[in-house]
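Listed here are the chains, written in short residue letters.
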Amino acid sequence: MRMRNYLMAAVATGALVLPLPALAGGKVEVLHWWTSGGEAKAVGELKKSFEAEGGTWIDSPIAGGGGDAAMTALRARVVGGNPPAAVQLKGPGIQEWARQGALADVEDVATAERWDDELPPVLAEIMKYEGKYVAAPVNIHRVDWMWVNPEVLGKVDAEIPTTWDEFNAVADKLMAAGITPLAHGGQPWQDATVFETVVLGLGGPDFYRKALVELDQEALTSDTMVKVFNQMRQLRGYVDPGFSGRDWNLATSMVMNGEAAFQIMGDWAKGEFLAAGKVPGKDFLCIPTPGNGFLLNSDSFTFFKVADPDEVEGQKLLAKLIMSPDFQKTFNMAKGSIPARTDVSLDGFDECAVKSHEDLQRATADNSLLPSMAHEMAVPRTVRGEFLDAVTNFFNSDQSSEDAVKQLAAAVQRAG
Ligand code: GAL
């Protein structure tokens, strides 16, 4: 490092006219959508570790929860022939870009660091294209959570609901007391996040798999799916008048500030509570949404083909750091998720992380571990887009559940 400073100073003063050597750690431009309080803190940890190893980090944040805006920006960059070196991108999206020949592999790092031994096979498979790692996973997020303000619930003397019927009963009580039951942001990905937890809760894991992963028409047009939309209609009655377009982290603040009792959101919401100094089990509760299973969402960084050797170097350093046990711990304690590596201990993690881990193990054993549709783990983007449109359209209109089911099933069939 000192050597580099000396060289730079020498060049600047004209004492030495030599091309500068490549930076020790290389450089990466990182495109991501982590801009909320908890998210920014977590990605800041990655930047810090990268710079500590001598790398140059070029930050390209594209605000917008769920990443839809970031994915649009990415497409424009790739089409323009100028892709960022590393992109927060996940699930089948990785394979889609790989098939287009846009990705670079980091197989040498993965082999040297024995990633195959440290990752759950379900994640390893998502990160590889034609047997080679093209992405590195940072975490395991769980989607099917309710974030609860216990003090607000106490005002109506209500218990934690364990079925959707119980949820409705508690919400009715809160309404009667003039309290907003559900903090929600009316954006398509947030509507879909709530929707998939209801699919899991009312239909069970096998139904979820059939409808949202296998896109089975029978499941999509079933009475169960009508019931799911009925429950969505019910939930629409539990949000406040200002819900439309609200960002997810502002909905989290409503629970934090006692303006609402519940938020249904993945555990990145916990990152917000923690960043605000709130204590799990005391200031807020993390309770799985009614039902049985585990909706998986794993963030990863995917490496795009870049020509600059400094950037290739940077990609390797980033890949190595992302998978290092220390980083996986620090990052996930801030992000609200649990490590993607199976060998990182949960010492120091909070009770929500411990519960997530236990439920993940159980879900793996009883085959109720399911990929999130809303968070791009289950189906191609085009199909996910149809789900988002249908659910949002329903949520913001007076469409009947029967019509919504017909419309959704037809749209999915066309797109799939
Ligand atoms: C998810 C992503 C999370 C979180 C969330 C809200 O799709 O996996 O890490 O950032 O969006 O932005």
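In what follows, the structure referred to is the one given above.
What counts as what
- Residues numbered from 1 in each chain as written.
- Predicted model: local features only at pLDDT ≥ 70, side-chain atom pairs only at ≥ 80, totals over all residues.
- Heavy atoms only, no water.
- Pairing = 2+ DSSP bridges.
- Helix = DSSP H or I, 4+ residues; strand = E, 2+ residues; numbered from the N terminus.
- Axes fitted to C-alpha atoms, helices over the stretch in contact; angles between N-to-C directions.
- Contact = heavy atoms within 4.5 Å.
- Near = heavy atom within 4 Å.
- Polar contact = N/O pair within 3.5 Å; in protein donor to acceptor, adjacent residues only side chain to side chain.
- Areas by Shrake-Rupley, 256 points an atom, 1.4 Å probe, with all protein chains shown as cover.
- 1 Å grid on protein atoms, 1.4 Å probe; cavity = no way out; pocket = protein on both sides within 12 Å on 5 of 7 lines; lining within 4 Å.
- Sits in = over half its atoms within 2 Å of the grid points.
- Nonpolar A, V, L, I, M, F, W, Y, C, P; charged D, E, K, R; others polar.
- Salt bridge = Lys/Arg side-chain N within 4 Å of Asp/Glu carboxyl O.
- Right-handed = clockwise from strand over helix to strand, strands pointing away.
- Points joined across faces, edges and corners; volume = space filled by probe spheres on them.
- Patch = residues over 30% accessible without salt bridge, like charges linked within 9 Å, V, L, I, M, F, W, Y side chains within 5 Å.
- Lys, Arg positive; Asp, Glu negative; His and termini not counted.
- Charge placed at Lys NZ, Arg CZ, Asp CG, Glu CD.
- Disulfide = S-S within 2.5 Å.
- Expected span 1.5 Å × (residues − 1).
- Buried < 20%, exposed > 50% of the residue type's maximum accessible area, 1.4 Å probe, protein only.
- Arc of directions from axis to C-beta.

Undergrad: What should I look at first to understand the sheet that holds strand 10 (residues 260-264) in this one?
TA: Hydrogen bonds between backbone groups are what pair the strands of a sheet, and the pairing can be parallel or antiparallel. Pairing is mixed in the open sheet, where four strands are placed in the order 9-10-8-11. Two strands in the sheet have a free side with no partner beyond their single neighbour: strand 9 (180-182) and strand 11 (285-288). Sheet twist, expressed as the mean angle between neighbouring strand axes with direction ignored, is 20 degrees. For strand 9 and strand 10, the ladder comprises two bridges, and the chain directions are parallel. Bridge pairing in strand 10 places leucine 182 opposite phenylalanine 262. Lying on the sheet, helix 13 (residues 248-256) is in contact with strand 8 (145-148) and strand 10; it crosses strand 10 at an angle near 145 degrees.

Undergrad: Sorry if this is basic, but what is going on with the site of the ligand here?
TA: Near the ligand you find 14 residues, and of these Glu39, Lys90, Asp299, Lys335 and His375 are the closest. Between tryptophan 33 and the ligand, the recorded distance is 3.3 Å, taken from a side-chain N or O atom to an oxygen atom. In the environment of the ligand, an oxygen atom lies 2.9 Å from a nitrogen or oxygen atom belonging to the side chain of histidine 375. About the coverage of the ligand: the protein hides 100% of its 300 Å² of free accessible area. One can see that the ligand is located within the largest cavity. Taken together, the residues of the shell around the ligand break down into five nonpolar, five polar and four charged.

Undergrad: What exactly am I supposed to notice about the pattern of salt bridges here?
TA: Should their charged atoms come close, side chains of opposite charge can pair. Tallied over the full model, the rule gives 23 salt bridges. Salt bridges sharing common partners tie together Arg142, Asp144, Lys355, Asp359 and Arg362.

Undergrad: Just checking my understanding: could you explain the pairing of strand 2 (residues 56-61) for this structure?
TA: Two faces belong to every sheet, and in a regular strand the side chains alternate between them. In this sheet, strand 2 lies alongside strand 1 (residues 27-32) in parallel orientation, the contact comprising six bridges. The residue of strand 2 that forms the bridge with lysine 27 is threonine 56. Handedness of the crossover is the feature at issue here: the chain leaves strand 1, passes through helix 2 (residues 37-52), returns alongside strand 2, and the resulting connection is right-handed.

Undergrad: Explain the sheet that holds strand 7 (residues 139-142) to me, please; I cannot follow it from the model alone.
TA: The sheet built from four strands is open, its strands ordered 14-7-12-15 with mixed pairing. Each edge of the open sheet is held by one strand with a lone partner, namely strand 14 (338-339) and strand 15 (369-371). Sheet topology places strand 12 (residues 294-297) next to strand 15; three bridges connect them, and they run parallel. From the neighbouring strand, phenylalanine 294 faces strand 15, where its bridge partner is leucine 369. Taken strand by strand, helix 16 (residues 325-335) contacts strand 7 and strand 14, and its axis lies near 20 degrees from that of strand 7.

Undergrad: Quick question: what am I supposed to make of the layout of surface pockets here?
TA: Empty pockets left among the atoms are what a rolling probe the size of a water molecule brings to light. Of the pockets and cavities examined, the largest pocket occupies roughly 290 Å³. For the largest pocket, the lining is made up of 17 residues, of which Pro120, Ile140, Thr342, Leu360 and Gln361 are closest to its centre. Counting only elements with at least two residues in the lining of the largest pocket, the list comes to helix 7 (121-127), strand 14 and helix 17 (351-365). Among the elements that make up the lining of the largest pocket, the one with the highest residue count is helix 17 (four residues). What the second largest pocket holds in volume is close to 250 Å³. As for the second largest pocket, its lining consists of Gly91, Pro92, Gln95, Val122, Glu125, Ile126, Leu296, Leu369, Leu370, Pro371, Met377 and Ala378. Within the residue set of the lining of the second largest pocket, elements represented by two or more residues are helix 4 (92-99), helix 7 and strand 15. Tallied by class, residues from the lining of the second largest pocket come to nine nonpolar, two polar and one charged.

Undergrad: For this particular structure, what's the right way to read a negative patch on the surface?
TA: Residues Asp157, Glu159, Asp165 and Glu166 make up a contiguous surface patch of negative charge. Following the sequence through the fold, aspartate 157 ends up in the loop between helix 8 (150-155) and helix 9 (164-176).

Undergrad: So what exactly am I meant to see when it comes to the state of the cysteines here?
TA: Counting across every chain of the model gives one disulfide. Across a sulfur-sulfur distance of 2.2 Å, cysteine 286 and cysteine 352 are joined as a disulfide pair. Torsion about the S-S bond of the cysteine 286 and cysteine 352 cystine: about -100 degrees, corresponding to left-handed handedness. Of this pair, cysteine 286 sits in strand 11 while cysteine 352 sits in helix 17, and the two are 66 residues apart along the sequence.

Undergrad: Just checking my understanding: could you explain helix 2 for this structure?
TA: Working note: α-helix, 3.6 residues per turn, so residues spaced by three or four point in the same direction. If you check helix 2, its first and last C-alpha atoms are 22 Å apart, about what 16 residues at 1.5 Å a residue would give, namely 22 Å. Along helix 2, the positions that sit buried rather than exposed are Gly38, Glu39, Ala42, Val43, Glu45, Leu46 and Phe50. Buried residues of helix 2, seen end-on, are gathered within an arc of 130 degrees and therefore sit on one face of the element. In this structure, helix 2 carries Lys48 and Ala52 as exposed residues pointing more than 90 degrees from its buried face. Backbone geometry just after helix 2 places glycine 54 at a positive phi near 90 degrees.

Undergrad: Before we go on, may I ask you to explain helix 13 in this structure?
TA: With seven of its nine residues buried, helix 13 lies for the most part within the structure. Within helix 13 the residues assigned to the buried category are Trp248, Asn249, Ala251, Thr252, Met254, Val255 and Met256. Remark: glycine 258 follows helix 13 within two positions and exhibits a positive phi of approximately 80 degrees.

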